[in-house]
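Here's the letter readout for the chains.
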Amino acid sequence: MAMALLGDSDEWNLSYEFDAAVPVSGIYLCTGCGKELTARKGERFPHQNQHRHTDFKIPVHWRLVLKTAVN
Ligand SMILES: [Zn+2]
């Protein structure tokens, strides 16, 4: 995946659960349902009450897909 070449750290490979601190400003994708989220560094990912799946067995994991600002 070409995008991974742009990053030299683990931030491209990690995923974050609900209420986790946002490590870098960017667009994140929920691997469970495909929803995209714009988040800023220092904010927190949505609480589990703000983003939930109809099927509770599918976990919410946010993955960085695009950086929107230099951190
Ligand atoms: Zn989701």
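Preceding this section is the structure that the text describes.
For clarity, every value in this text was computed on a predicted model and none was experimentally measured. The written sequence of each chain sets the order in which its residues are numbered from 1. Reporting of local features is limited, given that this is a predicted model, to residues whose pLDDT is at least 70; pairs of side-chain atoms are given and counted only at 80 or more, and all residues count toward the totals for whole chains, interfaces and linings. Side-chain metrics in this entry use all non-hydrogen atoms of the structure; hydrogen atoms and water are not considered.

Caption draft 1: Representation of the environment of His-53. Position of His-53 relative to the elements: it lies in the loop between strand E3 (36–39) and strand E4 (62–67). Residues His-53 and Gly-32, 21 residues apart in the sequence, show an inter-C-alpha distance of 8.0 Å. Contacts between residues were defined by any pair of non-hydrogen atoms, one from each residue, lying within 4.5 Å. Filtering out sequence-adjacent residues up to four positions away, His-53 remains in contact with Cys-30, Gly-32, Cys-33, Ile-58, Pro-59 and Val-60. N or O atoms closer than or at 3.5 Å make up a polar contact, with two conditions inside protein: a donor-capable atom paired with an acceptor-capable one, and, for residues adjacent in sequence, both atoms drawn from side chains. Of the polar contacts made by the side chain of His-53, one reaches the side chain of His-51; its length is 3.4 Å. Looking at His-53, its side chain comes within polar contact range of the main-chain oxygen of Ile-58, at 2.9 Å. Comment: elements are numbered from the N terminus, with helices defined as DSSP H or I runs of at least four residues and strands as E runs of at least two.

Caption draft 2: Summary view of the sheet that holds E4. Taking strand neighbours across the sheet as the criterion, the four strands line up as E1-E4-E2-E3 in an open arrangement whose pairing is antiparallel. Unpaired on one side and paired on the other, strand E1 (15–16) and E3 mark the two borders of the sheet. A strand pair is defined by DSSP finding two or more bridges across the two strands. Pairing between strand E2 (residues 26–30) and E4: five bridges, direction antiparallel. Its bridge partner being in E4, Tyr-28 is matched across the sheet by Leu-64.

Caption draft 3: How the structure looks around the nonpolar core. By convention a nonpolar core is built from buried Ala, Val, Leu, Ile, Met, Phe, Trp, Tyr and Cys residues, the set being connected through side-chain atoms within 4.5 Å. Accessibility here uses a 1.4 Å probe with only protein chains present; expressed as a share of the type maximum, an area under 20% marks a residue as buried, one over 50% as exposed, and anything in between as partly exposed. Counting twelve residues, the largest nonpolar core consists of Trp-12, Tyr-16, Val-22, Val-24, Tyr-28, Cys-30, Leu-37, Ala-39, Phe-45, Val-60, Trp-62 and Leu-64. Of all the secondary-structure elements, those providing two or more residues to this core are E2, E3 and E4. Residues contacting Leu-64, with those up to four places away along its chain left out, are Glu-11, Trp-12, Val-24, Gly-26, Ile-27 and Tyr-28.

Caption draft 4: Focus on the environment of Ile-27. Checked against the element boundaries, Ile-27 lands in strand E2. Filtering out sequence-adjacent residues up to four positions away, Ile-27 remains in contact with Glu-36, Leu-37, Thr-38, Arg-63, Leu-64, Val-65, Leu-66 and Thr-68.

These figures come from the coordinates and say nothing about function on their own.
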